[in-house]
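As a plain string of letters, each chain reads:
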Amino acid sequence: MNTLTVNLNERSYPIHIGQDLLGDPALLSPHIHGTQVLVVSNETVAPLYLEQTLAALTDYQCATVVLPDGEKYKTLETVNLIFDALLQHRFDRQCTLIALGGGVVGDITGFAAASYQRGVNFIQIPTTLLAQVDSSVGGKTGVNHPLGKNMIGAFHQPQCVLIDIHTLNTLDDKQLSAGLAEVIKYGLIQDQEFFVWLEANMHKLLQRDPVALSYAIEHSCQCKASIVAADEKEAGQRALLNLGHTFGHAIEAGMGYGTWLHGEAIGTGMLMAADLSHRQHRLSQSELERTQALLEAARLPTKIPTEMYSERFLELMAVDKKVQAGVIRLVLLDHIGASYVSDDYDPQLLRDTLDAFHHAAH
Ligand SMILES: NC(=O)c1ccc[n+]([C@@H]2O[C@H](COP(=O)([O-])OP(=O)(O)OC[C@H]3O[C@@H](n4cnc5c(N)ncnc54)[C@H](O)[C@@H]3O)[C@@H](O)[C@H]2O)c1
Ligand SMILES: [Zn+2]
């Protein structure tokens with residue numbers, strides 16, 4: 001097992017990464033302060049891992065909530081199911097919530113923990129690659145509103161993140177690839193060496209080689225942890241984590257949420273950001289090609305849907321949260337491993353990127 005720390009002064013917390021950590025009481029108990037624990041999972045993950053998780057919690061008064069599975073249940077109504085359970089069991093302010101599942105369960109449970117009795121402790125046990133390398137670390141929690149994704153939320157850091165790599169064995173291939181998009185993102189935004197490592201080891205990650213997976217997850221968490229420690233509330237540097245996301249969110253929204261997985265849309269979105277960076281004479285042609293090749297090696301899509309016309313993209317990108325004073329802010333690349341936030345790119349070049357991807361889609 002390896003342990004990293006997210007350094008946030010009195011709110012610092014460990015990320016434990018290893019195999020078969022789920023049933024280990026010694027990893028959870030230091031982070032549970034009261035006697036009451038609510039484990040929140042969903043109908044897919046609970047049959048696989050709930051029993052093992054509860055086996056580590058025999059010293060506590062435990063309750064469980066099993067949510068329906070899917071992004072479409074990431075709503076305030078679902079948060080209310082958690083409040084119902086907490087109140088029915090008379091859970092007090094010392095209670096601990098444990099999120100056992102992917103990013104959807106983690107975001108909902110974290111938000112419930114942020115608001116129950118104005119904030120109680122919570123622990124993340126992420127079970128998708130995306131949740132292990134991204135959503136479980138950093139304290140962003142929340143749910144969707146019919147008018148916008150992740151529009152209702154709070155910053156609430158967990159007490160601990162427990163990553164059991166073993167849980168990835170039951171994840172389907174598409175979800176694994178979607179998680180790899182966020183892994184590649186860390187290489188692109190700030191770590192050229194890691195990008196090179198990914199180029200050499202992508203086949204091992206797809207085969208779920210535990211040594212390769214551990215390395216990639218640790219490295220990704222380290223990258224996210226250092227960015228979050230430097231800029232918890234996204235005043236600056238944390239925005240770099242949005243590479244590809246303004247393009248990707250437009251694909252997700254344009255196609256209807258759930259049609260494209262988030263990671264798939266972000267993969268294509270990062271290639272679009274790389275393309276624009278190249279047109280801006282920052283990223284070289286060969287770096288652009290390497291970016292495309294690595295995304296393809298991860299079995300991620302690199303073409304946009306044919307129905308995504310440039311106008312539609314611009315319209316959807318303009319409603320993204322990252323818009324300030326009417327200008328779409330984008331994360332662009334100087335090189336592989338060096339990124340920056342820009343709102344003074346040439347708008348014609350953005351059009352050219354969108355048009356080029358639209359042509360290539362046919
Ligand atoms: N808070 C953040 O900083 C942050 C960052 C990125 C993404 N997110 C959010 O995360 C969500 C996406 O997370 P996700 O990709 O994990 O999706 P998800 O939670 O929907 O999980 C994907 C699917 O895999 C299933 N699953 C989970 N673990 C499994 C396992 N071990 N074996 C088999 N099946 C398993 C789930 O039940 C689900 O059907 C989005 O809502 C997104 O907004 C949040
Ligand atoms: Zn993302």
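Up top is the structure these notes are about.
Residues numbered from 1 in each chain as written. Chains lettered and ligands numbered in written order. Predicted model: local features only at pLDDT ≥ 70, side-chain atom pairs only at ≥ 80, totals over all residues. Heavy atoms only, no water.

Q: Describe the overall build of the protein chain, naming the residues involved and giving the relevant values.
A: Looking only at helices and strands, one finds 13 helices and 13 strands in the protein chain. In terms of C-alpha radius of gyration, the protein chain reaches 20 Å, essentially the compact-globule figure of 21 Å for 362 residues. In terms of principal-axis extent, the alpha carbons of the protein chain reach across some 60 × 40 × 35 Å. Burial status across the protein chain gives 58% buried among its 362 residues. Considering only intrachain contacts with a sequence separation of at least 6, the fraction spanning at least 24 residues in the protein chain is 75%. (Helix = DSSP H or I, 4+ residues; strand = E, 2+ residues; numbered from the N terminus. Rg over C-alpha atoms; globule rule 2.2 N^0.38 Å. Buried < 20%, exposed > 50% of the residue type's maximum accessible area, 1.4 Å probe, protein only. Contact = heavy atoms within 4.5 Å.)

Q: Could you give an account of the nonpolar core, with specific residues and numbers?
A: Counting 78 residues, the largest nonpolar core has Ile184, Phe247 and Phe313 as the members making the most contacts within it. Among the elements that make up this core, the one with the highest residue count is helix H8 (residues 210-230) (9 residues). Discounting chain neighbours no more than four positions away, the residues touching isoleucine 184 are Phe195, Leu198, Met202, Met270, Leu294, Leu295, Ala298 and Leu300. In this structure, Ala85, Cys95, Ala99 and Phe111 belong to the second largest nonpolar core, which totals 23 residues. (Core = buried A, V, L, I, M, F, W, Y, C linked by side-chain atoms within 4.5 Å.)

Q: Which residues make up unusual backbone geometry, and what values do they have?
A: The backbone of arginine 118 shows a phi angle near 65 degrees, a positive value even though the residue is not glycine. Here arginine 118 is to be found in the loop between helix H4 (103-115) and strand E6 (121-126). Here the phi dihedral of asparagine 150 falls at roughly 55 degrees; this positive angle occurs in a residue that is not glycine. Along the chain, the position of asparagine 150 falls in strand E8 (residues 148-155). The partly exposed category is assigned to asparagine 150, whose relative accessible area is 29%.

Q: Tell me about the side chain of serine 41, residues and numbers included.
A: Relative to the helices and strands, serine 41 is located in strand E3 (residues 36-42). Of note is the side chain of serine 41, whose polar atom sits 3.4 Å from the backbone nitrogen of alanine 46. At 2.8 Å, the side chain of serine 41 and the backbone oxygen of leucine 100 are in polar contact. Contacts of serine 41, omitting those with residues within four sequence positions, involve Ala46, Val65, Val66, Leu67, Leu100 and Val105. (Polar contact = N/O pair within 3.5 Å; in protein donor to acceptor, adjacent residues only side chain to side chain.)

Q: Tell me about the sheet that holds E3, residues and numbers included.
A: Spatially, E1-E2-E9-E6-E5-E3-E4 is the arrangement adopted by the 7 strands of the open sheet, whose pairing is mixed. The open sheet has two edge strands with one neighbour each: strand E1 (2-6) and strand E4 (61-67). Strand-to-strand, the axes of this sheet are offset by a mean angle of 15 degrees, without reference to chain direction. Bridging between strand E5 (residues 96-101) and E6 involves 6 bridges; their strand directions are parallel. Across the sheet, residue glycine 101 finds its bridge partner in E6, namely proline 126. In this fold H8 packs onto E1, strand E2 (13-18) and strand E9 (160-164), with an angle of close to 15 degrees to the strand it touches most, E1. (Pairing = 2+ DSSP bridges. Axes fitted to C-alpha atoms, helices over the stretch in contact; angles between N-to-C directions.)

Q: Tell me about the pattern of salt bridges, and name the residues and values.
A: For the structure on display, the rule yields 15 salt bridges. The salt bridge involving aspartate 173 is made with arginine 208; its shortest N-O contact spans 2.7 Å. Of this pair, aspartate 173 sits in helix H6 (residues 173-190) while arginine 208 sits in the loop between helix H7 (192-206) and H8, and the two are 35 residues apart along the sequence. Take aspartate 173: its relative accessible area is 52%, and that puts it in the exposed class. (Salt bridge = Lys/Arg side-chain N within 4 Å of Asp/Glu carboxyl O.)

Q: Please give an account of the site of ligand 1 that cites residues and values.
A: Of all residues adjacent to ligand 1, which total 25 residues, the nearest are Asp69, Glu71, Thr127, Thr128 and Thr170. One of the side-chain nitrogen or oxygen atoms of aspartate 69 is found 2.7 Å away from an oxygen atom of ligand 1. Within the side chain of glutamate 71, one N or O atom sits 2.6 Å away from an oxygen atom of ligand 1. Within the complex, the protein chains bury 87% of what would otherwise be the 870 Å² of accessible surface of ligand 1. For the shell around ligand 1, the secondary-structure elements that each account for two or more residues are helix H2 (46-55), H4, helix H5 (129-135) and E8. Taken together, the residues of the shell around ligand 1 break down into 6 nonpolar, 11 polar and 8 charged. (Near = heavy atom within 4 Å. Areas by Shrake-Rupley, 256 points an atom, 1.4 Å probe, with all protein chains shown as cover. Nonpolar A, V, L, I, M, F, W, Y, C, P; charged D, E, K, R; others polar.)

Q: Hey, could you go over helix H12 (residues 310-318) for me, with residue numbers and the actual values?
A: If you check which residues of H12 are buried, you get Ser310, Phe313, Leu316 and Met317. Down the axis of H12, the sector holding all buried residues measures 130 degrees, keeping them to one side. (Arc of directions from axis to C-beta.)

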